[in-house]
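As a plain string of letters, each chain reads:
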Amino acid sequence: MTNDDDIDPGIAAMLDGIEDSSDDVDESSYEGRGLDLDLDSAKFNDSEESNETLPDVDLTVTQFKPIEKFFEEESSGVFDDKTYYKTCLSGEGESAQRFHNLLSKYLKCEDKKDRSVYRQQIVTAYWNFLRSLAPKMGKSATPMPKRMAMRFGVVLPSLFTPDQKNFFSRSIFKNITGEPILYVDEWMQEISGGRLTMSVTDEVAPSHKKGPQAEQQRLMQLKNKNTGKIQSSDSLVSAKENERARLEVSVKDRITQIMEHSPIMGMEPHTHPYSELQRKAFTELNTLLKSLQKVDREISGYLKDLQEAKNISESLQEKVNMLPEESVNVGVEDILQEMTTVRQMAKMTCGRQGNQFPVFTREFCHTNDRDTGFRENVLRELSWIESIDPGCFQRIHRNVPNRIVPYVLLVPTYGDMGFCWEPFDRYNRVTSRGRIVIPMYPRNLKTACLTAVADLRWQVAKEKASFDWMSEGLTGQYYQYIESKKMKGDVKSFFIEDYILWMTKESMGTQKLEKEVRGIFWRYMPFPQHLKDDLKKRSLVYQELCQRDINRSMSDGY
């Protein structure tokens, strides 16, 4: 054991915090009672919470909306309640009991080796505690301390610094952004309500369930697949209607041109015959009319597909409505399985050598209000990424680019790496959202978001190329480059590192990439035109790349 003078100041402060609240956290009162305390937590109930937190995919939206506000003006007061810790752990049985015992020993222990042991034990104990909380996230009456434990990893407010407590208390609770960016408690809420399908895993074998829940799951899968057809057909109809409108304008211009006749000087009121340009307009008009007929046939076909898909959707919805009400919600077994998947996601944000400690504490979290992974801050970073890489959220179907923002899960970890869990739903590859995961307490939030988007970019391109991913498209070109350099290691990891340089350095005109990589990225992940125009003024390197764009646009293979 060490002397009091040798205790780390941060640890001592935490010990002071837990001792100051000793009147409220009576350790003896927890012993042998499973933390089943009779507490009045009504003031933390979110009775007004809406279940509709997941916006539908809207293919007409081209960019993120401006962020209205990042924080509330006033504190919610959630973390000021003296019974916060008791409310958080009460009613969760042995998992909460074990976690409480370990956390108490960890905070009061002075020996570094013993602290390390307790720290490792807390990881498993805390995730078991969260598994107990997970099924409760679908209930509107769940106390706020339990939600905050799931959302931010905050179980003991005395582990905040005063500044952290201030901006966490002012964080915006509800999703007012209109984007599919979710905290863990919201994620589990959507899973339990059946509005979000379970994350796909390789380890867990598909279950062969029977009964109403199995039928409901089957119908939801069919609906997801059919939704892709509806959105795809609708997008194609809109694209063809826009093409028809452009052709009709051209037809109108040609007819107007043909109908203009200037008078013959000295032979009024007679007018000149058709000019050479007007005769040429006849030929052009004939071509335009044939194009209009072709577009009209395509519109008719797509409208037929759209109507059929909508009829199927209505039929599936009727069958869903006929199911027993209790089958709509996902079973506890599935919720716990998803929670296990979320734990795996959390581990991946930290990496094998990272800090896996799951509880929020100022000992490990040193982010400020701007760099913490709150929903609004992550949206700010994703908006910046899209402004430089406009195609980062686009998937092309039948030569029509569809902008589809993935689901974003914010996990309260001290990791530094975001990543893509699924590039899209396996039942709807056309218009379904993918899934990316971003840690909330990284050293650099921008880098964490960039790694997630880079991984999404890679996986979408790889799925698009399918079996030819090592020879075609973005992944093929990059793989061939890595092979030519005889570089050993994970190709995707090299790609993510280069993507970060592409976004943070090359976009500013600072040349950090190899010439071959710069050419690949310029071709397959182009900057917006205004940025290209600015870069070509800075260096001959970018002038040459812009000239390549012109050459490709003039060739048949572009």
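Shown above is the structure to which this text applies.
Residues numbered from 1 in each chain as written. Predicted model: local features only at pLDDT ≥ 70, side-chain atom pairs only at ≥ 80, totals over all residues. Heavy atoms only, no water.

Asker: Which residues make up the packing of helix α4 (residues 112-133) against helix α5 (residues 144-152), and what are the values?
Answerer: When two helices pack together, their arrangement is given by the angle between the helix axes and by the axis-to-axis distance. Two elements in contact, α4 and α5, have axes whose closest approach is 11 Å; the angle formed by their N-to-C orientations is 130°. It follows that α4 is oblique to α5 by the angle criterion. For the crossing formed where α4 meets α5, the hand is left-handed. Along its contact with α4, which presents Y126, F129, L130 and L133, the element α5 presents K146, A149 and M150. Among the residues making up the contact of α4 with α5, the classes are represented as six nonpolar, no polar and one charged. (Axes fitted to C-alpha atoms, helices over the stretch in contact; angles between N-to-C directions. Helix = DSSP H or I, 4+ residues; strand = E, 2+ residues; numbered from the N terminus. Parallel < 35°, antiparallel > 145°, perpendicular 65-115°, else oblique. Left-handed = near helix turned anticlockwise from the far one by under 90°. Contact = heavy atoms within 4.5 Å. Nonpolar A, V, L, I, M, F, W, Y, C, P; charged D, E, K, R; others polar.)

Asker: Outline the environment of T142, supporting the account with residue identities and numerical values.
Answerer: Checked against the element boundaries, T142 lands in the loop between α4 and α5. A polar atom in the side chain of T142 sits 2.4 Å from the backbone oxygen of K136. Within polar-contact distance, the side chain of T142 engages the backbone oxygen of K139 at 2.9 Å. (Polar contact = N/O pair within 3.5 Å; in protein donor to acceptor, adjacent residues only side chain to side chain.)

Asker: Before we move on, could you go through the pattern of salt bridges and cite the residues and values that matter?
Answerer: Going through the model one piece at a time under the given rule, you end up with 29 salt bridges. Where E284 meets R254, a salt bridge forms, and the shortest distance between an N and an O atom there is 2.6 Å. Taken together, the positions of E284 in helix α9 (residues 276-322) and R254 in helix α8 (residues 212-258) put the pair 30 residues apart, joining distant regions of the chain. With a relative accessible area of 28%, E284 lands in the partly exposed category. On the basis of relative accessible area, R254 is assigned to the partly exposed category, the value being 22%. Three or more residues joined by partner-sharing salt bridges are found here, namely R147, R151, D185, E186 and R375. (Salt bridge = Lys/Arg side-chain N within 4 Å of Asp/Glu carboxyl O. Buried < 20%, exposed > 50% of the residue type's maximum accessible area, 1.4 Å probe, protein only.)

Asker: Can you break down the nonpolar core residue by residue, with the values?
Answerer: Core analysis: the largest hydrophobic core is formed by 117 residues, its most contacted members being F129, F152, V155, L382, I438, Y478 and F521. Here this core takes twelve residues from helix α12 (residues 445-465), the largest share from any one element. For I438, the contacting residues outside a window of four places in its chain are V378, V408, L409, L410, V411, G418, L445, A448, C449 and A452. The next biggest cluster of nonpolar side chains, apart from the first, holds nine residues, and it includes L247, V251, I258 and L292. (Core = buried A, V, L, I, M, F, W, Y, C linked by side-chain atoms within 4.5 Å.)

Asker: Before we move on, could you go through the environment of I438 and cite the residues and values that matter?
Answerer: Counting through the fold element by element, I438 comes out in strand β6 (residues 435-439). Separated by 18 residues in the primary sequence, I438 and C420 place their C-alpha atoms 9.0 Å from one another.

Asker: Go over the sheet that holds strand β5 (residues 419-422), please, and point to the residues and values.
Answerer: Spatially, the four strands line up as an open sheet ordered β1-β4-β6-β5, and their pairing is mixed. Every other strand in the sheet has two partners, leaving β1 (181-183) and β5 as the edge strands with one partner each. Strand-to-strand twist of the sheet, defined as the mean angle between neighbouring strand axes without regard to direction, takes the value 30°. Bridge count between strand β4 (residues 407-411) and β6: five bridges; the pairing is parallel. The residue bridging L409 from the neighbouring strand is V437, located in β6. Across the sheet, helix α11 (residues 375-388) touches β1, β4 and β6, and the angle it forms with β1 is around 150°. (Pairing = 2+ DSSP bridges.)

Asker: Let's hear about the side chain of R395: which residues, and what values?
Answerer: Within the element layout of this structure, R395 appears in strand β2 (residues 394-397). No salt bridge is formed by the buried R395, whose closest oppositely charged neighbour, D425, lies at an N-O distance of 9.1 Å. A polar atom in the side chain of R395 sits 3.4 Å from the backbone oxygen of V430. In this structure R395 touches V400, P401, N402, I404, P423, F424, R429, V430, T431, S432, G434 and V460, once residues within four positions along its chain are discounted. (Lys, Arg positive; Asp, Glu negative; His and termini not counted.)

Asker: Explain unusual backbone geometry residue by residue, including any values.
Answerer: Most peptide bonds take the trans configuration, and most residues that are not glycine carry a negative phi. The step from E268 to P269 runs through a cis peptide bond, and the omega angle for that step is 10°. Mapped onto the secondary structure, P269 falls in the loop between α8 and α9. The backbone of S466 shows a phi angle near 55°, a positive value even though the residue is not glycine. Tracing the backbone shows S466 in the loop between α12 and α13 (473-484). Even without being glycine, K486 reaches a positive phi, approximately 55°. Considering the arrangement of structural elements, one finds K486 in the loop between α13 and α14 (491-504).

Asker: Which residues make up the packing of aromatic side chains, and what values go with them?
Answerer: For any pair of aromatic rings, the description rests on two quantities: the centre-to-centre distance and the angle between the ring planes. Across all of its chains, the model carries 39 aromatic pairs by this definition. Each ring, one from F357 and one from F364, has its centre 5.3 Å from the other, and the planes form 65°; the classification is edge-to-face. F364 shares its class with F357; the two are buried. Taking NZ or CZ as reference, R115 lies 4.2 Å from the ring centre of Y106, over its face. (Phe/Tyr/Trp six-rings, centres within 6.5 Å; stacked < 30°, edge-to-face > 60°. Lys NZ or Arg CZ within 6 Å of the ring centre and 35° of its normal.)

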